[in-house]
Amino acid sequence: MDTLATLRKKIEARLRKKGIEEAPLDARLLISHIIPVTEIDFAINADQTVSNEQQNLIDILVQKREKRIPMSQIFGEKEFWSLSFKVTRDTLTPRPDSETLIEVALNEFEDKNATLSILDLGTGSGCLLLTLLSELKNATGLGIDVSTSAIKVANENATNLSLNNRATFLKSDWFEKLSKTKKFDLIIANPPYIGLNEKPELTPEVCEHEPYSALFAGEEGLDDYRIIAADISSYMSEKSIIILEIGYRQSSAVIDIFEQKGFKNINVFQDLGGRDRCLLIRP
């Protein structure tokens, strides 16, 4: 039987052979998913033996990672804003960069007890909408997505977070199923924004294991911004705001798309890496 230290080194080596840069971290997480050990345990209890049964269970996980399946899909969940979200192949993995949208939204609505209505376009796992509802205690929200499978995941996440009484999810191709009589205080979205010309730059974890329709939006990644900009004003009041995630090289192009539709009050916000990450748009 291997010790913790030996097993970790073996797994790291296997993952490195597959080109996985995060091999040391992934090895630790894969082991600790089966054995309740911390980073400190790896240091002070390195000689702890791992049973054959435990090694077999860990090996199943390692084989999945060797196929470049994302860690979030292996574990079936991902943390976002300190909340746990179910993740499948049918949804994008929530990413830390998207927390920028949450921060911008919460800064805009200082009264966390205000009665607000939120629309989440392309909701996926529901992470944006549900995170906002967890912070804004009297808000209600509607998440739409063209994927039936994604809607199912979002509903499960709402139930798991005890937010299903304030969150509704609807299958819709953007605004197709929405009534124009409904106005929203906040419209938030992380639409597909990767250009087909960028596909060769993507890791296998993204381009082979995350939903194609949630990633790509035409050659330059701008097609869905054009669709949103064309119809979004119908669902806004004079006090509504829009918060959109963008690719870090897209701010000028997306601003131009919305300015052509009459939006003039647009601000750009950066993520923790100092890259353009989202737009705040007012009527």
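Note: the structure precedes this text.
The structure reproduced in this document is the subject of the present report.

Calculation notes
- Residues numbered from 1 in each chain as written.
- Predicted model: local features only at pLDDT ≥ 70, side-chain atom pairs only at ≥ 80, totals over all residues.
- Heavy atoms only, no water.
- Phe/Tyr/Trp six-rings, centres within 6.5 Å; stacked < 30°, edge-to-face > 60°.
- Buried < 20%, exposed > 50% of the residue type's maximum accessible area, 1.4 Å probe, protein only.
- Helix = DSSP H or I, 4+ residues; strand = E, 2+ residues; numbered from the N terminus.
- Axes fitted to C-alpha atoms, helices over the stretch in contact; angles between N-to-C directions.
- Parallel < 35°, antiparallel > 145°, perpendicular 65-115°, else oblique.
- Left-handed = near helix turned anticlockwise from the far one by under 90°.
- Contact = heavy atoms within 4.5 Å.
- Nonpolar A, V, L, I, M, F, W, Y, C, P; charged D, E, K, R; others polar.
- Pairing = 2+ DSSP bridges.

**With respect to the packing of aromatic side chains**
Right, so step 1: Per the counting criterion, the structure on display carries four aromatic pairs.
Right, so step 2: Taken together, a centroid distance of 6.3 Å and an interplanar angle of 75 degrees make the contact between F80 and F85 edge-to-face.
Right, so step 3: Look at F85 and you get buried, because its relative accessible area is 0%.
Right, so step 4: Consider the rings of F258 and F263, whose centres lie 5.7 Å apart with planes at 65 degrees: the pair is edge-to-face.
Right, so step 5: Judged by relative accessible area, F258 falls into the buried class, the value being 0%.
Right, so step 6: Of the residues examined, F263 reaches a relative accessible area of 5% and is grouped as buried.

**With respect to unusual backbone geometry**
Right, so step 1: Located in the positive-phi region is R68, a residue other than glycine, with phi close to 70 degrees.
Right, so step 2: Within the fold, R68 resides in the loop between helix 4 (52–66) and helix 5 (71–75).
Right, so step 3: Located in the positive-phi region is W174, a residue other than glycine, with phi close to 55 degrees.
Right, so step 4: Tracing the sequence through the fold places W174 in the loop between strand 5 (167–171) and strand 6 (184–189).

**Notes on the packing of helix 2 (residues 23–34) against helix 4**
Right, so step 1: The N-to-C vectors of helix 2 and helix 4 enclose an angle of 140 degrees; their axes lie 9 Å apart at closest approach. With respect to helix 4, the axis of helix 2 lies oblique. The two elements helix 2 and helix 4 cross, and the hand of that crossing is right-handed. Across the interface between the two elements, D26, L30, I31, H33 and I34 from helix 2 touch Q54, L57, I58, L61, V62 and R65 from helix 4.
Right, so step 2: Residues belonging to the contact of helix 2 with helix 4 are distributed by class as follows: seven nonpolar, two polar and two charged.

**Looking at the pairing of strand 8 (residues 265–270)**
Right, so step 1: Pairing of strand 8 with strand 9 (residues 276–282), which is carried by six bridges, proceeds in the antiparallel orientation. Counterpart to F269 in the pairing with strand 9 is C278.
Right, so step 2: In sequence, strand 8 turns back onto strand 9 through a hairpin of five residues, with G274 there showing a positive phi of about 80 degrees.

**Regarding the sheet that holds strand 4 (residues 140–145)**
Right, so step 1: Spatially, 5-4-3-6-7-9-8 is the arrangement adopted by the seven strands of the open sheet, whose pairing is mixed. Two strands lie at the open edges of the sheet, namely strand 5 and strand 8, each paired on one side alone. For this sheet, the mean inter-axis angle between neighbouring strands, taken without regard to orientation, is 20 degrees.
Right, so step 2: Sheet analysis places strand 4 next to strand 5, joined by five bridges and oriented parallel. Considered in strand 5, the bridge of D145 is made with K171.
Right, so step 3: Packed on one face of the sheet, helix 6 (residues 99–108) meets strand 6, strand 7 (236–245), strand 8 and strand 9 and runs near 30 degrees to strand 9.
Right, so step 4: Of the strands in this sheet, strand 4 and strand 5 are in contact with helix 8 (residues 148–160), which crosses strand 5 at around 170 degrees.

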